[in-house]
Structures are given as C-alpha cells and as structure tokens.
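These are the residues of each chain, in order.
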Amino acid sequence: MARVLLEHIYKTYSGASEPTVKDFNLDIQDKEFVVFVGPSGCGKTTTLRMIAGLEDITDGNLYIGERRVNDVAPKDRDIAMVFQNYALYPHMSVYQNMAFGLKLRKVPKAEIDKRVQEAAKILDIAHLLDRKPKALSGGQRQRVALGRAIVREPQVFLMDEPLSNLDAKLRVQMRAEIRKLHQRLQTTMIYVTHDQTEAMTMGDRICVMRDGIIQQADTPQVVYSQPKNMFVAGFIGSPAMNFIRGEIVADGDAFYFRAPAISLRLPEGRYGVLKSSGVIGKPVVLGVRPEDLHDEEVFMTTYPDTVLQSQVEVVEHMGSELYLHCSVGENTFIARVNPRHMYHVGSSVKLAVDLNKIHIFDAETEVSIGFAAPAKQEALV
Amino acid sequence: MDWWRDALEHWTKAFGIEWMLVEWPNSVPDVPRFGWCNRDEAWLLRLDEGRAIRFPNWDTSEQVRCALAWTLRQLAHEQRFSGGRPVGQAYAGCRDMTFAELTAVVAGVDGHGEPRDWGTLAQKKFPGYLIAIEWTAKHANSERQVAEDADIARHVIEAMFGHGWTEFDANGPCLLVFLAQDDLAGIERDGDEPACVGDQSFSKLLAIAEQLAAAVRAEAFVDAKVWVSMPIVSPHMVFSALASLQLTARMGDRYNRTHGVFGEDPALYLLSIGGSAQWKVLQAMLTARAAQPLRDWPDGWRELTEAMIKANLNASEAARSLYVHRNTLLARIERLYESSGFDVRRGEDAIALYLAARFMPQQVAST
Ligand SMILES: Nc1ncnc2c1ncn2[C@@H]1O[C@H](COP(=O)(O)OP(=O)(O)O)[C@@H](O)[C@H]1O
Ligand SMILES: [Mg+2]
C-alpha cells in the first residue's frame, strides 16, 4: 500500500531548452485512483515514466511510500506498468501468460500458482486459465493482460493510455473493468489518458495538465463545475464549454454581462464575487456549458432576463441528445437540448442561459474569478 | 595455447616447411589481418595487430598462401565468435558511423562488399531480418543487472518466436536477434490480423517490433527500443543489414520512437539526410510567402498539419482527432494561412508543412 508524493518535480530532456515538466506537485493518497489528462505532448507520459523510473528526474523529490525513490532502479520501486501494446503470447495458455513474468523473476512455483489463481479469481477468468488467447474475447484478453501486472502484487499500478488501441465499445467496457479492479485490489493507481471522458469516468481525482504544468487537480465534479481557468473549462466536457468575449458592466444597482447583441443580468447572489474579483468594467470571457443553455418554455418564462435570441446554424442529432450550433451576433455556440424538439437550419431559436452555472474568466489571464456556484453533487456524463 | 598453432603446425608439416612467430614490422603498414607480404626474402603472414608468422624459406604459389590465410581466417572468426561476437562487433562499429556512412553501406557503395564470416549466423536460414533490442541501463549499471535484463529479453524472444539466434553486446546494451522469413510466417498474433494492403510480413514485423518493445519494457522494466533491419537475402548482406538497423535506430531515436522497421517511414529518411544548411534554406522557403518568421506562426501548427494529413485533409475528421470543434479547427487553419501563406486544406501546401513540421524536432534536438 503506498502513497506517491511528487514534490517540485522537473524534467528537462537533454538538449531541450526548457523543461517538459515544470514544478509538478501532487500528493497521491494510498489506494487512490488518479488520472493524468491533457492534450498530446503536455508531459503525461514523461511524468509517469519518472514515477516508474524509466526517466531520470531533473529536479525535485519523488516518494513512493516512505521512501525517496529518485535514485532507485525501476525494478526496485515496487510498481507495475501496464503497456498498451503488450499483447498476449499466442502459444501460451492464459495461465502461462500470467505466470510468465514471475517465472522470469524465478519466483517459486507454488507462489506463482497461488498468485495466478488469486488474480484469476479477482478478474473472473479462473475458468479460462487453460485456454489459448485465440479462444478469448477481446475483453477477456484485456483482463489477462491486466492479470499479468496484478500477479506482481505491486504497490502502485501505472497505466499509460492502456485502452487507446481498443475499439470504442471495448474501451467503454474496459474503463468499468479497471474501475472495478481498483476497488477490489485497493491499490494506488495512476492512469494516463488524453481522453477527458475517460478521465472523468475513471478518476477519484483528475489532474489536468498543459505544457508540463498542472492546471487543476481535483475530483471530476469539481474540475467540471469549477474549472480554474479557460483551458480546463474548454478541455473538460464534450461538447466543449462555449466562450463569449464581453465585459462586466454596472448599470444602476445591477451587473450585466454584455457582448454584441447579448446582455445578461447577473444573479444578485454573486455580486460579492464580482466586486471582490475586480473585473467590473473589464474585458472578460463568459463560459457556459452546452447543457446550461435551455430551450424549454418553462425556463424562459421563469428567467426572461437570460434569453438569447439566436440563429440555428447546424443541427446535430446524437440520438439521446441534440446539439444545436447557434449564433448570436458574431458569437457562435453549441446548446445541448431535448432531441424531441424540432429545429431547422436558419430558423431563430430562443435559448435561456442558466446563470447559476455560468463561469467568468479574466480575459487577460484566462483565470476563473470563481463565479460559478460551488458544485452540488450531480450525475456526470 | 594459441588458437592458430594446431592448424599451422598441421599445415607446415604437410609441406615440410619452417615457421616462426615474429613481431609485425611497424615499417610495413596497411596489410590487413591474414594478408601476406614479402620482406627480406621471406613471406610474412599477419596474424593480428602486432604479430606475424614468418616463413624463412618457403617459396610457394600464391594459391597455397591464400589457402593458408583462408584457413586461419576461418579459425579466427570461430575463435572471435566464442568470445568476441562478430555480428555484435560489426553493429557496434555501425554505431560509430555517420548517417552518410551508414547510407553508403546500406546502398552497397562503400567497399564493404568483402564477405565476412558471421559465425553461427551464417548457418541460419535466409532470407530473414536482424532485430536489435536496445535499452539504457538506468540506475543499475552493474554488469550482472545488464546480463539479467538480456536474459529476460531472450526469454521474451523465445516466448514469441519459439527459438531464435541471438547475440548479446553488453556495451549497448543490445541484443541482436535473427528472425528467418519462414519463421515469421509461422508466428501467430494475438488478436486479429489488421486489414493490410501490400506485404503481410511488413505489417507483421511492425507489430512484432512494437510487441517486443512493450514486452521487454514490462518484464525487464527497462526502456527497451526495438529496431528491425531490411530483409537479408544472404549472409553477404549482413553488414548492410546492420547498417540499415542502425539507420532505423537513429531515425527512431530522433523522434522518440520505441520501435521501428526499416522502410516504415521513407519521408523521415529524406528529412534525416539534410543538415543545418538545408534547414536554413527550408526555413527561408517556408517563410517566403507570408514574410512571417516561424516563431510567429500560431502555436500548434505542427499538430494541426499532422492531424490534417492523417485525416486525408478532411477537416471534420482532423477536428475529431484533435478533440476540438470543427469551427475551431477551421479558424486555426485560417490563422495558419494568414501567418504562413500555406493552406493545409490544399494537398501541396499540407505536404510542405508536414515535411517542415517533421524536420523541426531534429533541428531542435541538434541545436
Ligand atoms: N526522450 C525524449 N527526448 C526529448 N523530448 C522528449 C522525449 N520524450 C518526450 N519528449 C517531449 O516531451 C514532451 C512531452 O511528451 P510526453 O510526456 O510524451 O507527452 P504526453 O504523454 O502528454 O503526450 C513532448 O514535446 C515530447 O516531444
Ligand atoms: Mg503519452
């Protein structure tokens, strides 16, 4: 059982002019499932490889358990890494495949047997141990591949995009399997993906990275409902959050968000935040998620001050939902609405903004002013 | 006991001639090992760097002398293999070569055509491929650790191929593996064969390289990289193949790949030939259209270009692969067009940008 602590970790590759990973600080609790997520090239793999010991740490301290492991060989760090392309050996049975790594390490036969049987039980593949990989379904194969790592009984599992080669259906299935596995094993897991949906559905905590810097590390709920900056706001969630450039204007006692052809009266409850953040009269970016734009009549009659008069530009049917690509003045955005409603391209549509869910970012720093109300527990995705 | 003594005595008795071991005269340069020269009325056969065998009064035909030299050379190679490993040594030599030298060897225009003895590799069934598994021994530089890692790599080879010729060079460290074309056909793959146009064996090689790298990484916990040579039709081609292996490794290293097969990426090879002068000219060409320096091009133009090429210039597909909205992508394309004069929706422009994008990491790395 192990906590993984990263303290001011830097990585500069030889020959590179600036660090790839910068001042990375994260305290990963024992038994926690943490996901590193971010666009390609942001340094996720580099960070994971430093934890594994496959990459030297340029600066900072890395602890696994109580031990500082900067200079400990990968084999001695008590970790297992799951590699996406490590397929099963076709000539070997499931049992042999799972036992392979232990045999190489000259673990005694009885011990190997015990561990393989145990792992097989956890993975529900005990009845498949004599089969060859060819006789397995895609999902079963993936479980055997996980079994190979489990039998090592590591303190920490490291996984770098382990599902990216799978087809969409199997990927969704395996996400759930890995979550379940984590619950059964109760072992610390660090998981890397560029796919925000995967991150949101799997992590106890997700760590959003960009250009080698942690942007935000928190529960999926918090990252989704209170993104710290525009990058996190735009990266997490699909379709992405809509951004509208404008400014905060005081008018009488009230505060408004104004942009060409848009004027939204902001809720009184949040005036305190507005005043203390010092954005009044300044350029800001308003962020609103597609599901926080409403086309229901009820909503519009209740909150007439929040209605945007828009033009439908594209209608995207997604089955269980409908994405409306709309424009107001020079701004375009996407609304996620009820798929039973009928829309035609070119027609006008009224959309009400749920002002309790909007985000306001300083246009210059792109940092959130903390306008969004704290998260209520809600079901995600 | 010297390895050559038995054979030499046998030979000289048969001819009834005398011989003696002497130092190789420094005044006589440029005679290869097992070459002859005539000095002071006697024949000298060069044994190695510092020694020679002198035949004081043996006047014989050139053919006989060649035969003796050939016998000793054979013995020497056998000897070297038991300790010195000829393939590994030759590969180690390739590592010291420049890109241009390697190119010459692969092209067969380098004068290395002389057949060599490759020890037990020569007895393998050709055609086939040489595979190099290379890694860096981090933290644990002890010889024993490196040998253990090599052992794990060998077991992985055995698990995948059933058997295999291997030669280990602890200095890489590097494990060289020979894989016969015939064996390749017999290798089953876990999972479904990919739909593949063209040569089945090539896609298999790619998959094997990837799988090998992943397997050695996972089992030995080392940063394994796996490279596959060009096909080797006969033992005469082994040296060229080793050079092709090293070329593949060089290109792979430059782009942080974990595996690669010779022929996988011809464009990369073209880009690798150039040096800093070529880069400067390319840069001038790229910035000629819009007169904006490269550093003022929008961030992410490389990723954008690569995504467009991979999506066959289909913006919707490229947008999906980048996880951005199509309109966002179109806006980026416009911005890139404004600052570069290249429109990645056009094939020719896209290719130019693509090559430029791929040329750049190498430059960044070398400056
Ligand atoms: N071995 C290396 N040498 C030099 N640069 C590297 C190396 N590995 C990765 N990089 C660079 O570091 C950056 C981060 O890479 P990586 O950690 O693989 O990102 P991610 O996994 O988030 O996609 C990239 O710009 C990549 O080119
Ligand atoms: Mg990565």
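Everything quoted here is computed from the prediction, not taken from an experiment.

Asks: Explain the overall build of chain A to me, please; I cannot follow it from the model alone.
Replies: Looking only at helices and strands, chain A features 10 helices and 20 strands. Its C-alpha atoms put chain A at 80 × 45 × 35 Å along the principal axes. Per-residue burial over chain A gives 54% buried out of 381 residues. The contacts in chain A between residues at least 6 apart in sequence include a share of 64% that link residues at least 24 apart. Accessible surface, chain A as shown: approximately 16900 Å² in total, 49% of it carbon and sulfur.

Asks: Just to check I follow, could you spell out the site of ligand 1 for this structure?
Replies: Residues in contact with ligand 1, as listed here, are Tyr 13, Thr 20, Pro 39, Ser 40, Gly 41, Cys 42, Gly 43, Lys 44, Thr 45 and Thr 46 of chain A together with Asn 256 of chain B. Taking Lys 44 of chain A, its side chain carries an N or O atom lying 2.9 Å from an oxygen atom of ligand 1. At 2.6 Å from an oxygen atom of ligand 1 is found a side-chain nitrogen or oxygen belonging to Thr 45 of chain A. Out of a free accessible area of 560 Å², ligand 1 has 63% covered by protein chains. Considered class by class, the residues forming the shell around ligand 1 number three nonpolar, seven polar and one charged.

Asks: Explain the pairing of strand β3 (residues 42–46) of chain B here, please?
Replies: Successive side chains on a regular strand alternate, one facing one side of the sheet and the next facing the other. All names here are of chain B. Along β3, five of the five residues are buried, which leaves the element largely enclosed by surrounding structure. What sits between the antiparallel neighbours strand β2 (residues 36–39) and β3 is a turn of two residues, in which Asp 40 has the positive phi angle 50 degrees. Between the antiparallel neighbours β3 and strand β4 (residues 51–55) lie four residues.

Asks: Explain the interface of chain B and chain A here, please?
Replies: When the parts of a complex come together, some accessible area is lost, and that lost area is often used as the size of the interface. Across the contact, 29 residues belong to chain B and 37 residues belong to chain A. Of the roughly 3100 Å² buried where chain B meets chain A, counting both sides, 54% is carbon and sulfur surface. At the junction of chain B and chain A, the tally comes to four salt bridges. A salt bridge links Asp 149 of chain B to Lys 75 of chain A; the nearest nitrogen and oxygen atoms lie 3.0 Å apart. At the surface where chain B touches chain A, the tally comes to eight residue pairs in polar contact (both at pLDDT 80 or more). Mapped onto the side of chain B that touches chain A, the elements with two or more residues apiece are α5 (143–161) and α7 (200–220) of chain B. Top element by residues in the side of chain B that touches chain A is α7 of chain B. It accounts for eight residues.

Asks: What's the story with the UniProt feature "domain: ABC transporter" (unreviewed entry) in chain A in this structure? I'm lost.
Replies: The feature "domain: ABC transporter" (unreviewed entry), as given by UniProt, occupies residues 4–236 of chain A in the numbering adopted here. Annotated as 36% helix and 24% strand, the span residues 4–236 of chain A places its first and last C-alpha atoms 25 Å apart.

Asks: Explain the domain arrangement of chain B to me, please; I cannot follow it from the model alone.
Replies: Residues and elements named next belong to chain B. The assigned domain composition of chain B is domain 1 (1–77), domain 2 (119–271) and domain 3 (275–366). For domain 2 and domain 3, the distance between their C-alpha centroids amounts to 33 Å. Of the residues lining the interface, seven residues belong to domain 2; the matching set on domain 3 comes to five residues. For the pair domain 2 and domain 3, the two sides together bury roughly 620 Å², of which 58% comes from carbon and sulfur. Contact with domain 3 buries area across many residues of domain 2, yet Arg 254, Tyr 255 and Leu 271 alone supply 79% of it, more than any other trio. The interface formed by domain 2 and domain 3 includes zero salt bridges. The interface formed by domain 2 and domain 3 contains zero residue pairs in polar contact (both at pLDDT 80 or more). At three residues, helix α9 (residues 266–273) tops the list of elements feeding residues into the side of domain 2 that touches domain 3.

Asks: Help me understand helix α13 (residues 326–340) of chain B in this model?
Replies: Because an α-helix completes one turn every 3.6 residues, residues spaced three or four positions apart along the sequence face the same direction. Residue and element names in this part refer to chain B. Here α13 is 15 residues long and its end C-alpha atoms lie 21 Å apart, about the 21 Å a rise of 1.5 Å per residue gives. All of the buried residues along α13 are Leu 329, Ile 333, Leu 336, Ser 339 and Ser 340. Burial along α13 is one-sided: seen end-on, the buried residues are contained in an arc of 135 degrees. Trailing α13 by a residue or two, Gly 341 shows a phi angle of about 85 degrees, which is positive.

Asks: Explain the sheet that holds β4 of chain B to me, please; I cannot follow it from the model alone.
Replies: Sheet strands associate in pairs through backbone hydrogen bonding, adopting either a parallel or an antiparallel arrangement. All names here are of chain B. Across the sheet, four strands lie side by side as β1-β4-β3-β2; this open sheet has antiparallel pairing. Strands at the two margins of the open sheet, each flanked by one partner only, are β1 (20–23) and β2. The mean angle between the axes of side-by-side strands here comes to 35 degrees, regardless of whether they run parallel or antiparallel. Two elements, β1 and β4, share four bridges in a ladder whose sense is antiparallel.

Asks: What is the right way to look at the sheet that holds strand β8 (residues 188–193) of chain A in this model?
Replies: Residue and element names in this part refer to chain A. Here six strands make up an open sheet; going across it, the order is β6-β7-β8-β3-β9-β10 and the pairing mixed. The open sheet terminates on both sides in strands that have one partner only, identified here as β6 (79–82) and β10 (213–218). Put simply, the sheet's adjacent strands are angled 15 degrees from each other on average, direction ignored. Of the pairings in the sheet, the one linking β6 to strand β7 (residues 156–160) comprises four bridges and is parallel in character. In the strand pairing of β7, Val 82 is matched with Met 159. In the packing of helix α5 (residues 168–185) onto the sheet, the strands contacted are β3 (33–37), β7 and β8, and the crossing angle to β8 comes to about 160 degrees.

Asks: Explanation requested: the pattern of salt bridges in the structure shown.
Replies: Once the charged atoms of two side chains with opposite charge are near each other, the side chains can pair. Across all of its chains, the model carries 35 salt bridges over all chains by this definition. Put simply, Glu 321 of chain A and Arg 336 of chain A hold a salt bridge, and the shortest N to O gap is 3.6 Å. In this pair, Glu 321 of chain A sits in the loop between β16 (307–317) and β17 (322–328) while Arg 336 of chain A sits in strand β18 (residues 331–337), placing the two residues 15 residues apart along the sequence. Here Asp 182 of chain B and Lys 125 of chain B are joined by a salt bridge, their closest N and O atoms 2.2 Å apart. Residue Asp 182 of chain B is located in helix α6 (residues 181–186), and its partner Lys 125 of chain B is located in the loop between α4 (99–107) and β5 (128–134); the two are separated by 57 residues in the primary sequence. Accessibility expressed as a relative area gives 46% for Asp 182 of chain B, which makes it partly exposed.

Asks: For this particular structure, what's the right way to read the domain arrangement of chain A?
Replies: Residue and element names in this part refer to chain A. Domains assigned within chain A are domain 1 (4–233) and domain 2 (239–362). Each side of the interface is counted separately: domain 1 has seven residues, and domain 2 has eight residues. In total, about 660 Å² of surface goes out of reach between domain 1 and domain 2, with carbon and sulfur atoms giving 61% of it. Per-residue buried area on domain 1 facing domain 2 is highest for Tyr 224, Met 230 and Ala 233; these three make up 81% of the total on that side. Our enumeration of links across domain 1 and domain 2 arrives at zero salt bridges. Here domain 1 and domain 2 share two residue pairs in polar contact (both at pLDDT 80 or more) between them. Among the secondary structure elements, those contributing two or more residues to the side of domain 1 that touches domain 2 are α7 (220–225) and α8 (230–235). Here the residues of the side of domain 1 that touches domain 2 are counted per class, giving four nonpolar, three polar and no charged.

What counts as what
- Residues numbered from 1 in each chain as written.
- Chains lettered and ligands numbered in written order.
- Predicted model: local features only at pLDDT ≥ 70, side-chain atom pairs only at ≥ 80, totals over all residues.
- Heavy atoms only, no water.
- Helix = DSSP H or I, 4+ residues; strand = E, 2+ residues; numbered from the N terminus.
- Buried < 20%, exposed > 50% of the residue type's maximum accessible area, 1.4 Å probe, protein only.
- Contact = heavy atoms within 4.5 Å.
- Areas by Shrake-Rupley, 256 points an atom, 1.4 Å probe, with all protein chains shown as cover.
- Near = heavy atom within 4 Å.
- Polar contact = N/O pair within 3.5 Å; in protein donor to acceptor, adjacent residues only side chain to side chain.
- Nonpolar A, V, L, I, M, F, W, Y, C, P; charged D, E, K, R; others polar.
- Pairing = 2+ DSSP bridges.
- Buried area = accessible area lost by both parts, 1.4 Å probe.
- Salt bridge = Lys/Arg side-chain N within 4 Å of Asp/Glu carboxyl O.
- UniProt positions renumbered as here; feature names shortened; annotations may be inferred.
- Domains from an automatic or database assignment.
- Expected span 1.5 Å × (residues − 1).
- Arc of directions from axis to C-beta.
- Axes fitted to C-alpha atoms, helices over the stretch in contact; angles between N-to-C directions.

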